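Below are the chains, spelled out letter by letter.
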Amino acid sequence: MSFDASVSAERTSSYPTIASRARTPRLGVTVVAGLVDAIVRGDLPPGSSLPPEAVLCEQFGVSRTVIRESVKRLEEKGLVTVAQGRGTQVLNADSWNMVDATVLSALVANDATLGTLDDLSVVRASLEGVIARDAAGRRTPDGLERLREALVRMRDTIEDEPRFNAADVIFHATVGELTQNRLAVNLVTTLFGQARESARFNLPSQLDVTLHEHERVFAAIEAGDPDAAEQTMRAHILDAWERRRPPSPRH
(Lines give C-alpha, C1' and ligand atoms only; values in the text may rest on other atoms or scores of the structure.)
Protein backbone atom coordinates (compact mmCIF):
# COMPACT_ATOMS: atom_id res chain seq x y z
CA MET A 1 0.00 0.00 0.00
CA SER A 2 1.31 3.48 -0.89
CA PHE A 3 1.83 6.19 1.69
CA ASP A 4 -1.11 8.24 0.30
CA ALA A 5 -3.43 5.23 0.34
CA SER A 6 -2.39 4.40 3.90
CA VAL A 7 -3.11 7.95 5.06
CA SER A 8 -6.48 7.91 3.26
CA ALA A 9 -7.48 4.62 4.90
CA GLU A 10 -6.49 5.87 8.34
CA ARG A 11 -8.34 9.14 7.83
CA THR A 12 -11.53 7.41 6.65
CA SER A 13 -11.54 4.86 9.49
CA SER A 14 -11.68 7.63 12.09
CA TYR A 15 -15.17 8.66 10.96
CA PRO A 16 -18.49 6.75 11.11
CA THR A 17 -19.34 4.85 7.96
CA ILE A 18 -22.40 6.53 6.46
CA ALA A 19 -22.63 5.21 2.89
CA SER A 20 -24.40 1.92 3.58
CA ARG A 21 -26.98 2.22 0.77
CA ALA A 22 -26.63 0.74 -2.68
CA ARG A 23 -25.49 3.35 -5.17
CA THR A 24 -28.03 4.57 -7.70
CA PRO A 25 -27.88 6.93 -10.68
CA ARG A 26 -29.47 9.62 -8.48
CA LEU A 27 -26.29 10.11 -6.50
CA GLY A 28 -27.34 13.31 -4.74
CA VAL A 29 -30.55 11.74 -3.48
CA THR A 30 -28.62 8.75 -2.16
CA VAL A 31 -26.06 10.94 -0.38
CA VAL A 32 -28.73 13.15 1.22
CA ALA A 33 -30.74 10.12 2.39
CA GLY A 34 -27.63 8.49 3.83
CA LEU A 35 -26.58 11.60 5.71
CA VAL A 36 -30.11 12.24 7.00
CA ASP A 37 -30.30 8.65 8.28
CA ALA A 38 -26.92 9.01 10.01
CA ILE A 39 -28.02 12.20 11.74
CA VAL A 40 -31.43 10.87 12.78
CA ARG A 41 -29.88 7.62 14.08
CA GLY A 42 -27.44 9.64 16.16
CA ASP A 43 -24.32 8.45 14.34
CA LEU A 44 -23.66 12.16 13.86
CA PRO A 45 -25.03 13.70 17.07
CA PRO A 46 -25.98 17.37 17.54
CA GLY A 47 -22.92 19.58 17.86
CA SER A 48 -20.71 17.19 15.92
CA SER A 49 -19.26 18.01 12.52
CA LEU A 50 -19.82 16.16 9.28
CA PRO A 51 -16.76 14.25 8.08
CA PRO A 52 -14.56 16.22 5.66
CA GLU A 53 -15.54 16.32 1.99
CA ALA A 54 -12.72 13.96 1.05
CA VAL A 55 -13.97 11.32 3.48
CA LEU A 56 -17.59 11.64 2.29
CA CYS A 57 -16.46 11.49 -1.34
CA GLU A 58 -14.63 8.24 -0.63
CA GLN A 59 -17.46 6.68 1.39
CA PHE A 60 -20.18 7.50 -1.13
CA GLY A 61 -18.05 7.23 -4.25
CA VAL A 62 -19.13 10.63 -5.56
CA SER A 63 -17.52 13.92 -6.48
CA ARG A 64 -17.00 16.94 -4.24
CA THR A 65 -19.71 18.73 -6.24
CA VAL A 66 -22.29 16.07 -5.27
CA ILE A 67 -21.24 16.27 -1.61
CA ARG A 68 -21.48 20.07 -1.57
CA GLU A 69 -24.92 20.04 -3.15
CA SER A 70 -26.03 17.36 -0.69
CA VAL A 71 -24.83 19.43 2.27
CA LYS A 72 -26.86 22.36 0.95
CA ARG A 73 -29.95 20.13 0.93
CA LEU A 74 -29.23 19.14 4.56
CA GLU A 75 -28.95 22.81 5.47
CA GLU A 76 -32.29 23.54 3.80
CA LYS A 77 -33.87 20.74 5.85
CA GLY A 78 -32.54 22.29 9.07
CA LEU A 79 -30.24 19.40 9.95
CA VAL A 80 -26.90 21.20 9.69
CA THR A 81 -25.39 24.63 9.61
CA VAL A 82 -22.31 25.62 7.66
CA ALA A 83 -20.09 27.92 9.73
CA GLN A 84 -16.98 29.56 8.37
CA GLY A 85 -13.94 28.05 10.02
CA ARG A 86 -15.94 25.45 11.95
CA GLY A 87 -17.10 23.21 9.13
CA THR A 88 -20.58 21.75 8.88
CA GLN A 89 -22.18 21.15 12.28
CA VAL A 90 -25.20 18.99 13.08
CA LEU A 91 -28.11 20.87 14.67
CA ASN A 92 -30.50 19.78 17.42
CA ALA A 93 -33.70 18.00 16.44
CA ASP A 94 -35.80 21.07 17.21
CA SER A 95 -34.27 22.72 14.15
CA TRP A 96 -35.14 19.88 11.76
CA ASN A 97 -37.91 20.21 9.19
CA MET A 98 -39.81 17.14 10.33
CA VAL A 99 -42.46 17.34 7.62
CA ASP A 100 -39.77 17.08 4.96
CA ALA A 101 -40.34 13.69 3.30
CA THR A 102 -36.72 12.51 3.66
CA VAL A 103 -36.43 13.60 7.30
CA LEU A 104 -39.82 12.15 8.21
CA SER A 105 -39.00 8.88 6.48
CA ALA A 106 -35.78 8.57 8.49
CA LEU A 107 -37.58 9.42 11.74
CA VAL A 108 -40.18 6.70 11.12
CA ALA A 109 -37.55 4.15 10.05
CA ASN A 110 -35.48 4.76 13.19
CA ASP A 111 -38.44 5.01 15.57
CA ALA A 112 -37.64 2.40 18.23
CA THR A 113 -40.49 3.36 20.58
CA LEU A 114 -43.01 4.20 17.81
CA GLY A 115 -43.09 7.70 19.26
CA THR A 116 -42.92 9.29 15.82
CA LEU A 117 -45.86 7.22 14.56
CA ASP A 118 -47.77 8.07 17.76
CA ASP A 119 -47.15 11.76 17.14
CA LEU A 120 -48.04 11.41 13.47
CA SER A 121 -51.39 9.90 14.42
CA VAL A 122 -52.20 12.75 16.82
CA VAL A 123 -51.29 15.43 14.28
CA ARG A 124 -53.08 13.61 11.47
CA ALA A 125 -56.20 13.20 13.63
CA SER A 126 -56.30 16.93 14.31
CA LEU A 127 -55.79 17.87 10.67
CA GLU A 128 -58.27 15.33 9.30
CA GLY A 129 -60.77 16.43 11.92
CA VAL A 130 -60.53 19.99 10.60
CA ILE A 131 -60.83 18.71 7.02
CA ALA A 132 -63.96 16.68 7.86
CA ARG A 133 -65.50 19.69 9.63
CA ASP A 134 -64.95 21.83 6.55
CA ALA A 135 -66.23 19.06 4.26
CA ALA A 136 -69.49 18.87 6.25
CA GLY A 137 -70.08 22.56 5.56
CA ARG A 138 -69.14 22.34 1.87
CA ARG A 139 -70.65 19.00 0.90
CA THR A 140 -72.17 18.72 -2.54
CA PRO A 141 -74.41 16.03 -4.06
CA ASP A 142 -71.53 14.94 -6.30
CA GLY A 143 -69.06 14.83 -3.40
CA LEU A 144 -71.45 12.82 -1.25
CA GLU A 145 -72.01 10.38 -4.09
CA ARG A 146 -68.25 9.84 -4.45
CA LEU A 147 -67.99 9.24 -0.70
CA ARG A 148 -70.80 6.67 -0.94
CA GLU A 149 -68.95 4.93 -3.76
CA ALA A 150 -65.79 4.76 -1.62
CA LEU A 151 -67.82 3.22 1.22
CA VAL A 152 -69.30 0.66 -1.18
CA ARG A 153 -65.76 -0.28 -2.26
CA MET A 154 -64.80 -0.74 1.38
CA ARG A 155 -67.83 -2.96 2.06
CA ASP A 156 -67.21 -5.00 -1.08
CA THR A 157 -63.55 -5.61 -0.23
CA ILE A 158 -63.79 -6.22 3.52
CA GLU A 159 -62.46 -9.76 3.00
CA ASP A 160 -59.44 -8.45 1.07
CA GLU A 161 -57.40 -6.16 3.32
CA PRO A 162 -55.07 -4.64 0.66
CA ARG A 163 -58.03 -3.68 -1.54
CA PHE A 164 -59.97 -2.50 1.52
CA ASN A 165 -57.06 -0.27 2.51
CA ALA A 166 -56.91 1.17 -1.02
CA ALA A 167 -60.61 2.04 -0.79
CA ASP A 168 -59.97 3.54 2.66
CA VAL A 169 -57.36 5.86 1.12
CA ILE A 170 -59.86 6.89 -1.58
CA PHE A 171 -62.45 7.73 1.08
CA HIS A 172 -60.08 10.05 2.93
CA ALA A 173 -58.87 11.62 -0.31
CA THR A 174 -62.47 12.31 -1.31
CA VAL A 175 -63.19 14.00 2.03
CA GLY A 176 -60.12 16.15 1.33
CA GLU A 177 -61.50 17.10 -2.08
CA LEU A 178 -64.58 18.59 -0.37
CA THR A 179 -62.54 21.16 1.57
CA GLN A 180 -60.79 24.34 0.48
CA ASN A 181 -58.05 23.90 3.11
CA ARG A 182 -55.41 22.69 0.67
CA LEU A 183 -52.58 23.14 3.20
CA ALA A 184 -54.20 20.73 5.65
CA VAL A 185 -54.82 18.21 2.86
CA ASN A 186 -51.22 18.47 1.66
CA LEU A 187 -49.85 17.96 5.18
CA VAL A 188 -52.09 14.95 5.77
CA THR A 189 -50.97 13.44 2.46
CA THR A 190 -47.33 13.80 3.52
CA LEU A 191 -47.87 12.47 7.04
CA PHE A 192 -50.09 9.56 6.03
CA GLY A 193 -47.81 8.67 3.14
CA GLN A 194 -44.85 8.23 5.48
CA ALA A 195 -46.93 6.24 7.98
CA ARG A 196 -48.16 3.87 5.27
CA GLU A 197 -44.58 3.12 4.22
CA SER A 198 -43.74 1.81 7.69
CA ALA A 199 -44.15 -1.95 8.12
CA ARG A 200 -45.10 -1.35 11.74
CA PHE A 201 -48.05 0.80 10.63
CA ASN A 202 -49.37 -1.76 8.17
CA LEU A 203 -50.35 -4.47 10.63
CA PRO A 204 -53.70 -6.31 10.38
CA SER A 205 -56.62 -4.35 11.77
CA GLN A 206 -60.30 -4.93 12.54
CA LEU A 207 -61.80 -4.03 9.18
CA ASP A 208 -65.43 -4.25 10.32
CA VAL A 209 -64.74 -1.68 13.04
CA THR A 210 -62.87 0.52 10.58
CA LEU A 211 -65.77 0.37 8.12
CA HIS A 212 -68.25 1.34 10.85
CA GLU A 213 -66.12 4.34 11.79
CA HIS A 214 -66.08 5.51 8.16
CA GLU A 215 -69.83 5.11 7.97
CA ARG A 216 -70.18 7.40 11.01
CA VAL A 217 -67.89 9.99 9.42
CA PHE A 218 -69.94 9.85 6.23
CA ALA A 219 -73.22 10.21 8.13
CA ALA A 220 -71.96 13.34 9.90
CA ILE A 221 -70.76 14.91 6.65
CA GLU A 222 -73.99 13.97 4.85
CA ALA A 223 -76.02 15.56 7.69
CA GLY A 224 -73.98 18.75 7.43
CA ASP A 225 -72.92 18.50 11.09
CA PRO A 226 -69.41 20.01 11.35
CA ASP A 227 -68.96 19.18 15.05
CA ALA A 228 -69.89 15.53 14.61
CA ALA A 229 -67.79 15.24 11.45
CA GLU A 230 -64.71 16.57 13.24
CA GLN A 231 -65.22 14.43 16.33
CA THR A 232 -65.90 11.18 14.47
CA MET A 233 -62.97 11.64 12.11
CA ARG A 234 -60.57 12.51 14.92
CA ALA A 235 -61.72 9.51 16.97
CA HIS A 236 -61.42 7.21 13.95
CA ILE A 237 -57.79 8.16 13.24
CA LEU A 238 -56.69 7.75 16.86
CA ASP A 239 -58.64 4.54 17.48
CA ALA A 240 -57.49 2.97 14.20
CA TRP A 241 -53.84 3.55 15.17
CA GLU A 242 -54.38 2.09 18.64
CA ARG A 243 -55.89 -1.05 17.08
CA ARG A 244 -52.93 -1.63 14.77
CA ARG A 245 -50.17 -0.32 17.03
CA PRO A 246 -47.69 -3.13 17.83
CA PRO A 247 -46.63 -3.55 21.48
CA SER A 248 -43.70 -1.30 22.31
CA PRO A 249 -42.63 1.18 25.00
CA ARG A 250 -44.31 4.57 24.84
CA HIS A 251 -41.94 7.45 24.22
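Residues numbered from 1 in each chain as written. Predicted model: local features only at pLDDT ≥ 70, side-chain atom pairs only at ≥ 80, totals over all residues. Heavy atoms only, no water.

In terms of regular secondary structure, the protein is built from eleven helices and two strands. Ordering the α and β elements of the protein from the N terminus gives α-α-α-α-β-β-α-α-α-α-α-α-α. A burial count over the protein gives 43% of its 251 residues as buried. For the protein, long-range pairs separated by at least 24 residues make up 72% of all intrachain contacts whose partners lie at least 6 apart in sequence. Summed over all atoms, the accessible surface of the protein reaches about 13,000 Å², with 52% contributed by carbon and sulfur. (Helix = DSSP H or I, 4+ residues; strand = E, 2+ residues; numbered from the N terminus. Buried < 20%, exposed > 50% of the residue type's maximum accessible area, 1.4 Å probe, protein only. Contact = heavy atoms within 4.5 Å. Areas by Shrake-Rupley, 256 points an atom, 1.4 Å probe, with all protein chains shown as cover.)

Let us now look at the confidence of the model for the protein. Across the protein, the average pLDDT comes to 87, with 86% of residues at or above 70. Below a pLDDT of 50 lies the segment residues 21–25, which in the model reaches nine contacts outside its immediate sequence neighbourhood of four places, other chains included. (pLDDT = per-residue confidence, 0-100.)

What follows covers the packing of helix α3 (residues 53–60) against helix α4 (residues 64–76). Between two packed helices, the angle of one axis relative to the other and the distance separating the axes together describe the packing. Put simply, α3 and α4 touch, their axes get as near as 9 Å, and they point 105° apart. The pairing of α3 with α4 is recorded here as roughly perpendicular in orientation. Counted together, Glu 53, Ala 54, Leu 56, Cys 57 and Phe 60 of α3 and Arg 64, Ile 67 and Arg 68 of α4 form the full contact between these two elements. Taken together, the residues of the contact of α3 with α4 sort by class into five nonpolar, no polar and three charged. (Axes fitted to C-alpha atoms, helices over the stretch in contact; angles between N-to-C directions. Parallel < 35°, antiparallel > 145°, perpendicular 65-115°, else oblique. Nonpolar A, V, L, I, M, F, W, Y, C, P; charged D, E, K, R; others polar.)

End to end, helix α7 (residues 141–156) covers 22 Å across 16 residues, agreeing with the expected 22 Å (1.5 Å per residue, within 8%). Of the positions making up α7, those classed as buried are Gly 143, Leu 144, Leu 147, Ala 150, Leu 151 and Met 154. Along the axis of α7, the buried residues cluster in a sector spanning 115°; they form a single face. Facing away from the buried surface of α7 by more than 90 degrees, the exposed residues are Pro 141 and Asp 156. Where α7 is buried, its residues contact α8 (161–177) and α10 (207–222). (Expected span 1.5 Å × (residues − 1). Arc of directions from axis to C-beta.)

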